[in-house]
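# Secondary and tertiary structure notes
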Amino acid sequence: DAGITQSPRYKITETGRQVTLMCHQTWSHSYMFWYRQDLGHGLRLIYYSAAADITDKGEVPDGYVVSRSKTENFPLTLESATRSQTSVYFCASSEIGEWGGYTFGSGTRLTVV
Amino acid sequence: GQQVMQIPQYQHVQEGEDFTTYCNSSTTLSNIQWYKQRPGGHPVFLIQLVKSGEVKKQKRLTFQFGEAKKNSSLHITATQTTDVGTYFCAGLRKETSYDKVIFGPGTSLSVIP
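Residues numbered from 1 in each chain as written. Chains lettered and ligands numbered in written order. Predicted model: local features only at pLDDT ≥ 70, side-chain atom pairs only at ≥ 80, totals over all residues. Heavy atoms only, no water.

For the rest of this paragraph, the subject is the sheet that holds strand S8 (residues 71-76) of chain B. The strands making up a sheet associate through hydrogen bonds between their backbones, and the pairing can be parallel or antiparallel. Residues and elements named next belong to chain B. Read from one edge of the open sheet, five strands run S1-S3-S8-S7-S6, paired in antiparallel fashion. Across the chains shown, the open sheet's two edge strands, defined by having one partner strand only, are strand S1 (4-7) and strand S6 (55-58). Neighbour-to-neighbour, the strand axes of the sheet open up by a mean angle of 15 degrees, direction not taken into account. Sheet analysis places strand S3 (residues 19-25) next to S8, joined by six bridges and oriented antiparallel. In the strand pairing of S8, Asn24 is matched with Asn71. (Pairing = 2+ DSSP bridges. Helix = DSSP H or I, 4+ residues; strand = E, 2+ residues; numbered from the N terminus. Axes fitted to C-alpha atoms, helices over the stretch in contact; angles between N-to-C directions.)

See below:
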């Protein structure tokens, strides 16, 4: 899974600050996704992108912003971090979208204090 | 709420025993995918099932998709300590204008050596 890289691996930020989580993939997969994983909720989709410059909301998009100016990058920005956004964030990519398996990055563990 | 359920939530087995996790959906699914996540790791795609009644095997793992395409199971024969982790199913459900992947909450497997 070296082809999809997330950074940083760990991040602590203060309430109200803006923070950006990075995701980079080297396969030129069209589809990219951002999930958050919380105990008791499993994996929940935040945003997804079917191609460069095409993004759409998932299940829990409030408080998050994404962009996809290049196929290989899909950054996730928390505009004004809240404690409820403390979570593990996974980026994933897929060659053919929902009809193919997703390849996940190693995740970013974000703590908002 | 969760539209894809998994049971059991946790399972502790003695090494060498068999293990089964079940995935149930309230609606018909277009496909079902299975992922494994080791403790502290990221989800890793295992397999995808598409056809009604489909059965696929990967060494000691057997995956089954129900006839009505609303449920699925993962069976591990003679568990090993390397099988430890959380197993997620993810169902693809056709919405009005798009396809939606819904992850189950996962079954956490512990293997006692």
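In this section: the interface of chain B and chain A. Taken together, the 20 residues of chain B in the interface contact 16 residues of chain A. Between chain B and chain A the total buried area reaches about 1500 Å² when both faces are included, carbon and sulfur atoms providing 56% of it. At the level of secondary structure, the elements contributing two or more residues to the side of chain B that touches chain A comprise strand S4 (31-37), strand S5 (43-49), strand S9 (85-94) and strand S10 (99-103) of chain B. When grouped by side-chain class, the residues that make up the side of chain B that touches chain A number ten nonpolar, nine polar and one charged. (Contact = heavy atoms within 4.5 Å. Buried area = accessible area lost by both parts, 1.4 Å probe. Nonpolar A, V, L, I, M, F, W, Y, C, P; charged D, E, K, R; others polar.)

Below, the discussion takes up the state of the cysteines. One pass over the full model with this rule turns up two disulfides over all chains. There is a disulfide in this structure between A:Cys23 and A:Cys91, and the S-S distance comes to 1.9 Å. Between A:Cys23 and A:Cys91, the S-S dihedral sits near -75 degrees, and the bridge is therefore left-handed. Residue A:Cys23 is found in strand S3 (residues 19-25), and its partner A:Cys91 is found in strand S9 (residues 87-94); the two are separated by 68 residues along the sequence. According to the relative accessible area criterion, A:Cys91 is buried, its value standing at 0%. Between the sulfur atoms of B:Cys23 and its disulfide mate B:Cys89 the distance is 2.0 Å. Since a negative S-S torsion denotes a left-handed disulfide, the B:Cys23-B:Cys89 link at about 75 degrees is right-handed. Taken together, the positions of B:Cys23 in strand S3 and B:Cys89 in strand S9 put the pair 66 residues apart, joining distant regions of the chain. B:Cys89 gets classed as buried once you look at its relative accessible area, which sits at 0%. (Disulfide = S-S within 2.5 Å. Buried < 20%, exposed > 50% of the residue type's maximum accessible area, 1.4 Å probe, protein only.)

On to the sheet that holds S3(A). All names here are of chain A. Sheet architecture is open: four strands sit in the order S1-S3-S8-S7, paired in antiparallel fashion. Edge positions in the sheet fall to strand S1 (4-7) and strand S7 (64-66), since each has one partner strand and no second. Going from strand to strand, the sheet's axes swing by 15 degrees on average, the running direction of each strand aside. One ladder, built from three bridges, connects S3 with strand S8 (residues 76-78); its direction is antiparallel. Each bridged residue has a counterpart across the sheet, and for Leu21 the counterpart in S8 is Leu76.

For the rest of this paragraph, the subject is the environment of B:Leu92. For B:Leu92, the position within the fold is in strand S9. According to the relative accessible area criterion, B:Leu92 is buried, its value standing at 0%. Those residues in contact with B:Leu92, other than ones at most four positions away along the chain, are A:Glu98, A:Trp99, B:Leu29, B:Ser30, B:Asn31, B:Asp99, B:Lys100 and B:Val101.

Residues and elements named next belong to chain A. Going from Ser7 to Pro8, the amide bond is cis rather than trans, its omega being -5 degrees. Within the fold, Pro8 resides in the loop between S1 and strand S2 (10-13). One non-glycine residue, Ser28, lies in the positive phi region at around 65 degrees. If you trace the backbone, Ser28 turns up in the loop between S3 and strand S4 (31-38). Judged by relative accessible area, which is 57%, Ser28 ranks as exposed. We note that Asp53 has phi near 70 degrees; this positive angle belongs to a residue other than glycine.

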